[in-house]
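Structural description and commentary
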Amino acid sequence: MTEIFDDNGEVIHLVVNKSDFKKGRQDVINAEHFLQCALLNMDNGKTFKPHKHNWNKPDKGKVIAQESWVVIQGSVKCFFYDCNSNLVATHVLSAGDASFTLQGGHNYEILEDNTLVYEYKTGPYHGQELDKTFI
């Protein structure tokens, strides 16, 4: 796993490669973030207690859209920016890899035809005018 930090030492982006999976469960993102992810490498027959999730009030006075891309097929070049819009890192994601943007900016370049990606982000989404600042 690659962590990308801002000038204050805070993690703003993460890249997880398929090779990062270890046996069992690994939490990828600290619990205080809106976006959560865990890596699960489980054997046949493993199960969990049935459950549902409760509605809770946010514990912070504000929210930010945090985003993840999971590459299913093909490859994607990621450009990661800090909170001051400076390019701080680039990574190429292949099938089974993922990126997580907790703060800062990002851009993606598709490197192969028929690239398939799952994009996840926190919501609700209020449109570009309220959700995004273009770099």
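Preceding this section is the structure that the text describes.
Residues numbered from 1 in each chain as written. Predicted model: local features only at pLDDT ≥ 70, side-chain atom pairs only at ≥ 80, totals over all residues. Heavy atoms only, no water.

For any pair of aromatic rings, the description consists of the separation of the ring centres together with the inter-plane angle of the planes. A full pass over the atoms with the stated rule returns two aromatic pairs. Relative to tyrosine 108, the ring of tryptophan 69 lies with its centre 3.8 Å away and its plane at 15°, an arrangement referred to as stacked. Remark: tyrosine 108 occurs in strand E9 (residues 105–110) and tryptophan 69 occurs in strand E5 (residues 67–73); sequence separation between them is 39 residues. Note on tyrosine 108: relative accessible area 16%, which makes it buried. Residues tyrosine 118 and tyrosine 120 carry aromatic rings whose centres are separated by 6.2 Å and whose planes lie at 40° to one another, so their mutual orientation is tilted. (Phe/Tyr/Trp six-rings, centres within 6.5 Å; stacked < 30°, edge-to-face > 60°. Helix = DSSP H or I, 4+ residues; strand = E, 2+ residues; numbered from the N terminus. Buried < 20%, exposed > 50% of the residue type's maximum accessible area, 1.4 Å probe, protein only.)

A grouping of Ile72, Leu116, Tyr118 and Tyr120 is seen on the molecular surface, where their side chains present a nonpolar patch of about 410 Å² in accessible area. No other element matches the three residues that strand E10 (residues 116–121) contributes to the nonpolar patch. Here leucine 116 lies in strand E10. Look at leucine 116 and you get partly exposed, because its relative accessible area is 42%. (Patch = residues over 30% accessible without salt bridge, like charges linked within 9 Å, V, L, I, M, F, W, Y side chains within 5 Å. Areas by Shrake-Rupley, 256 points an atom, 1.4 Å probe, with all protein chains shown as cover. Salt bridge = Lys/Arg side-chain N within 4 Å of Asp/Glu carboxyl O.)

Turning next to the sheet that holds strand E7 (residues 87–94). The strand order across the open sheet built from three strands is E7-E6-E9, with neighbouring strands paired in antiparallel fashion. Looking along the sheet, the strands with just one partner apiece sit at the ends: E7 and E9. For this sheet, the mean inter-axis angle between neighbouring strands, taken without regard to orientation, is 20°. Pairing of strand E6 (residues 75–81) with E9 involves six bridges; the strand directions are antiparallel. The residue bridging lysine 77 from the neighbouring strand is glutamate 109, located in E9. (Pairing = 2+ DSSP bridges. Axes fitted to C-alpha atoms, helices over the stretch in contact; angles between N-to-C directions.)

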